Amino acid sequence: MNKYGAEFLGTFWLVLGGCGSAVLAAVFPGALGIGFHGVALAFGLTVLTMAFAVGHISGGHFNPAVSIGLWAGGRFPAAQLLPYIAAQVLGGLAAGGVLYLIVSGRADFSSIGDFASNGFGEHSPGKYSLQAALITEVVMTAFFLLIIMGATDKRAPAGFAPIAIGLALTLIHLISIPVTNTSVNPARSTGVAIYVGGWAVEQLWLFWVAPIIGAVIGALSYRMVAGEQR
C-alpha cells in the first residue's frame with residue numbers, strides 16, 4: 001500500500017503542478033504569466049521533485065504508460081500493473097478536482113475552458129491533425145521510456161535519474177505542447193478531461209492508446225540497444 005500511496009501522491013503533484021501552471025499561471029495580466037516555457041518546466045519539476053521524494057518507495061512512475069513500458073522492458077511485475085494504474089488515475093482525478101475548486105474561486109468565474117486538456121484537430125493548440133497528434137505522442141513517449149530505462153539502469157551513474165527524467169519531460173513539453181498540449185501520460189490526460197467532458201472525453205482515447213504504444217516501443221528499443229534480457 002505504501003507504493004500505491006506514493007504513486008497517488010506523485011501523480012497528484014504532477015497533474016496539479018503541471019496542469020495548474022498551464023491553467024493558473026501561463027497567461028496572467030501585466031505580462032506576469034510564465035508562458036509556454038514555464039509550463040514545460042513546471043511539468044519537468046513535478047517529476048523531478050517527486051522522484052526524489054517518493055521514488056525510493058514506488059519507483060516513481062506517476063504515469064500508466066511508464067508502468068506498462070517498464071513491464072514491457074522487464075523492470076516491473078505484471079501483478080502490480082493494475083493497482084499502480086488505479087492509484088495514478090485516482091491521483092490525477094483528485095488533482096483535477098483540487099484545481100477545479102481553485103479555478104472556480106475566481107470572482108469572474110464562468111467556465112473552466114479547456115482546463116489544460118489534451119486534444120487534436122480543432123482542440124489542438126496549433127490545430128494539428130489526429131495523425132500528427134498520434135505520431136507526436138507515440139514518439140515522445142517512446143523516448144521518455146528510453147530515457148527512464150537508461151537513467152535507471154544499474155550501469156548508469158547513481159542518484160541522477162530524477163534529474164535526467166525531469167529534464168526529459170521538460171524537453172518533451174517544449175516540443176509537443178503546440179501539437180497536443182502534451183500528454184505522454186494517460187493519468188494526466190484523464191485527470192483534467194473528466195472535468196471538461198464533451199470533446200475532451202471523446203478524444204481521451206488517443207491519450208491512452210498513443211502513450212502506451214510509445215512506451216512499449218521505447219522500452220523494447222532500450223532492451224535491444226542495452227542488451228537487457230527479460
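Here the structure is shown first, and the text comes after it.
Values in this document were obtained by computation on a predicted structure and should not be read as measured data.

## Things to note about the side chain of Gln203
Here Gln203 is to be found in the loop between α8 (198–202) and α9 (206–226). Among the polar contacts made by the side chain of Gln203, one reaches the main-chain amide nitrogen of Phe120 at a distance of 2.8 Å. Those residues in contact with Gln203, other than ones at most four positions away along the chain, are Asn118, Gly119, Phe120 and His123.

## Some words on the environment of Ala132
With respect to the element layout, Ala132 can be found in helix α5 (residues 130–151). Placed 47 residues apart in sequence, Ala132 and Val179 show a C-alpha to C-alpha distance of 7.4 Å.

## So, the packing of helix α3 (residues 64–72) against helix α4 (residues 81–103)
Look at α3 against α4: their axes get within 9 Å of each other, and the N-to-C directions meet at 160 degrees. Classified by the angle between their axes, α3 and α4 sit roughly antiparallel to one another. In the crossing of α3 with α4, the sense of the turn from one axis to the other is right-handed. Across the interface between the two elements, Pro64, Ser67, Ile68 and Trp71 from α3 touch Leu81, Tyr84, Ile85, Gln88 and Val89 from α4.

## Description of the pattern of salt bridges
Tallied over the entire structure, the rule returns two salt bridges. The shortest N-O distance in the salt bridge between Asp108 and Arg106 comes to 3.0 Å. In terms of burial, Asp108 and Arg106 fall into one category: exposed. Arg155 is the salt-bridge partner of Asp153, the closest N and O atoms lying 2.8 Å from each other. Given a relative accessible area of 6%, Asp153 falls into the buried group. Owing to a relative accessible area of 54%, Arg155 belongs among the exposed residues under this scheme.

Cut-off values and rules
- Residues numbered from 1 in each chain as written.
- Predicted model: local features only at pLDDT ≥ 70, side-chain atom pairs only at ≥ 80, totals over all residues.
- Heavy atoms only, no water.
- Helix = DSSP H or I, 4+ residues; strand = E, 2+ residues; numbered from the N terminus.
- Polar contact = N/O pair within 3.5 Å; in protein donor to acceptor, adjacent residues only side chain to side chain.
- Contact = heavy atoms within 4.5 Å.
- Axes fitted to C-alpha atoms, helices over the stretch in contact; angles between N-to-C directions.
- Parallel < 35°, antiparallel > 145°, perpendicular 65-115°, else oblique.
- Left-handed = near helix turned anticlockwise from the far one by under 90°.
- Salt bridge = Lys/Arg side-chain N within 4 Å of Asp/Glu carboxyl O.
- Buried < 20%, exposed > 50% of the residue type's maximum accessible area, 1.4 Å probe, protein only.

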